[in-house]
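So you can see what is in the structure, the chains are spelled out below.
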Amino acid sequence: MESEKIIELKNLKKQYGDNVVLKNINLHVDRGEVVSIIGPSGSGKSTILRCIVDLESITSGEVLIEGNNLTDKNVDKKIKKQMLLKTGMVFQTFNLFPHMSVRNNIVKTLKVVKKIDVTEAENIAKNMLDLVGLSDKIDNFPNQLSGGQKQRVAIARALALQPDIMLFDEPTSALDPELVKEVLDIIRKLKEKKITMLIVSHEMNFVREISDRVIVMEKGEILETGTSSQIFENPLSQRVKEFLNTTINS
């Protein structure tokens, strides 16, 4: 049986003026799969995620979510909105509303985005906070939380919308080292629940452990794609070997 592609990028190109940020990107993520994108800073990893969720317009190519081409000028706006709601995005910075409690950060999002009534939204908020181990912080405000706790609330808020795929853009890069583990543990938990994920990360040991496939990028291009063990134990290209040696041993 053929795998179901949740996300597919075909010949994706993104440029600002003369600066080409992404060149000829072809990749896909299948349902239930965890795919990680790694590579040096400035290689276009985060831009790929932003193109998928329509935060960046693309120069050419196609972005497909569950087979629907969102870059087609004739795509039905309702279908595009439905497809974008199937993607949950967690950013480097937590993007929580500072004037709202943890509960209301999630409830308000559900009400605005999915038009869910307050009672149901509150139940979903409680369940998601329970999943990320923060039920006891439901009435706290963001400034009362550690960075790791804020990121876990951001994950709970994204999960509350019941996306088909979670996108993580360097989810631990803004955290102090001792807080990184608690966020990575939540992502491990999501993998156990078979949640489809596309992760941009510089945490190489974590990427190696959690990924079904790894995509290595540099200068806006994909250098190599393979299973986690193949990329980390037997990369095909010399450049990927050098990058991994430098990163893992630094």
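Everything numeric in this text was worked out from a predicted model, so none of it was measured. (Residues numbered from 1 in each chain as written. Predicted model: local features only at pLDDT ≥ 70, side-chain atom pairs only at ≥ 80, totals over all residues. Heavy atoms only, no water.)

J.: Could you give me a rundown of the overall build of the chain, with the residues and numbers involved?
T.: Summing up its helical and strand segments, the chain has 9 helices and 10 strands in all. Dimensions of the chain, computed from C-alpha atoms along their principal axes, come out at roughly 55 × 50 × 45 Å. Burial status across the chain gives 49% buried among its 250 residues. A separation of at least 24 residues holds for 65% of the contacts in the chain among residues at least 6 apart in sequence. In the form shown here, the chain has an accessible surface area of approximately 12300 Å², with 47% of it arising from carbon and sulfur atoms. Positive and negative side-chain charges in the chain, numbering 35 and 34 respectively, have mean positions lying 4 Å apart. (Helix = DSSP H or I, 4+ residues; strand = E, 2+ residues; numbered from the N terminus. Buried < 20%, exposed > 50% of the residue type's maximum accessible area, 1.4 Å probe, protein only. Contact = heavy atoms within 4.5 Å. Areas by Shrake-Rupley, 256 points an atom, 1.4 Å probe, with all protein chains shown as cover. Lys, Arg positive; Asp, Glu negative; His and termini not counted. Charge placed at Lys NZ, Arg CZ, Asp CG, Glu CD.)

J.: Kindly report on the packing of aromatic side chains, identifying the contributing residues and their values.
T.: Applying the stated criterion to the full structure yields 0 aromatic pairs. Its guanidinium or amino end placed over the ring of Phe 97, Arg 157 lies 5.5 Å from that ring's centre, counting from NZ or CZ. (Phe/Tyr/Trp six-rings, centres within 6.5 Å; stacked < 30°, edge-to-face > 60°. Lys NZ or Arg CZ within 6 Å of the ring centre and 35° of its normal.)

J.: Can you break down the pattern of salt bridges residue by residue, with the values?
T.: Opposite charge on two side chains lets them pair, provided their charged atoms get close. Summed over the entire model, instances satisfying the criterion amount to 20 salt bridges. Among the ionic pairs, Arg 31 bridges to Glu 66, the shortest N-O distance being 3.2 Å. A residue pair is termed long-range when its members are at least 10 positions apart, and Arg 31 in the loop between β2 (19–30) and β3 (34–38) and Glu 66 in the loop between β4 (60–65) and β5 (68–69) qualify at 35 residues. The salt bridge partner of Arg 103 is Glu 122, with a shortest N-O separation of 3.2 Å. Placement of Arg 103 in helix α3 (residues 102–114) and of Glu 122 in helix α4 (residues 118–131) is noted, with a sequence separation of 19 residues between them. Note on Arg 103: relative accessible area 16%, which makes it buried. Three or more residues are tied together by salt bridges with common partners; here these are Glu 4, Arg 31, Glu 66, Lys 86 and Asp 164. (Salt bridge = Lys/Arg side-chain N within 4 Å of Asp/Glu carboxyl O.)

J.: Kindly report on the nonpolar core, identifying the contributing residues and their values.
T.: Core analysis: the biggest nonpolar cluster contains 42 residues, and Leu 129, Ile 155, Met 166, Phe 168 and Met 197 have the highest contact counts within it. Of all the elements in the fold, those that place two or more residues in this core are α3, α4, α5 (147–160), β7 (165–169), α6 (177–192), β8 (196–200) and α7 (204–210). Apart from the residues within four sequence positions on either side, Ile 155 is in contact with Val 90, Val 132, Met 166, Phe 168, Val 183, Ile 186 and Leu 190. Val 29, Val 63, Leu 167 and Leu 198 belong to the second-largest nonpolar core, a separate cluster that totals 27 residues. (Core = buried A, V, L, I, M, F, W, Y, C linked by side-chain atoms within 4.5 Å.)

J.: Would you mind going over the sheet that holds strand β10 (residues 221–227) in detail, with residue names and values included?
T.: Read across the sheet, 6 strands follow the order β6-β7-β8-β3-β9-β10 without closing on themselves; strand pairing throughout is mixed. With partners counted over all chains shown, the strands left at the sheet margins are β6 (87–90) and β10, one partner each. On average, adjacent strands in this sheet sit at an angle of 15° to one another, irrespective of strand direction. Where β6 meets β7, 4 bridges bridge the pair, whose relative direction is parallel. Considered in β7, the bridge of Met 89 is made with Leu 167. The sheet strands contacting α5 are β6 and β7, and the helix crosses β6 at an angle near 170°. (Pairing = 2+ DSSP bridges. Axes fitted to C-alpha atoms, helices over the stretch in contact; angles between N-to-C directions.)

J.: Can you explain the layout of surface pockets? Please cite residues and give values.
T.: A volume near 560 Å³ is recorded for the largest pocket. Along the wall of the largest pocket there are 22 residues; nearest its centre are Thr 87, Gly 88, Met 89, Phe 91 and Leu 161. At the level of secondary structure, the elements contributing two or more residues to the lining of the largest pocket comprise α2 (77–85), β6, α3 and α5. Looking at the lining of the largest pocket residue by residue, the class counts come to 14 nonpolar, 5 polar and 3 charged. Within this model, the second largest pocket holds a volume of roughly 280 Å³. Lining the second largest pocket are 15 residues, and of these Asp 54, Leu 70, Thr 71, Asp 72 and Lys 80 sit closest to its centre. Going through the elements one at a time, α1 (45–52), β4 and α2 are the ones with two or more residues in the lining of the second largest pocket. Classifying every residue of the lining of the second largest pocket gives 6 nonpolar, 3 polar and 6 charged. (1 Å grid on protein atoms, 1.4 Å probe; cavity = no way out; pocket = protein on both sides within 12 Å on 5 of 7 lines; lining within 4 Å. Points joined across faces, edges and corners; volume = space filled by probe spheres on them. Nonpolar A, V, L, I, M, F, W, Y, C, P; charged D, E, K, R; others polar.)

J.: Before we move on, can you summarise helix α9 (residues 238–249) with the specific residues and values?
T.: Between its terminal C-alpha atoms α9 stretches 16 Å, which fits the 16 Å expected from 12 residues at 1.5 Å a residue. Listed as buried for α9 are Val 240, Phe 243 and Leu 244. Buried residues of α9, seen end-on, are gathered within an arc of 95° and therefore sit on one face of the element. Of the exposed residues in α9, the ones pointing more than 90 degrees away from its buried face are Thr 246 and Asn 249. Buried residues along α9 sit in contact with β3, α7, β9 (213–218), β10 and α8 (228–233). (Expected span 1.5 Å × (residues − 1). Arc of directions from axis to C-beta.)

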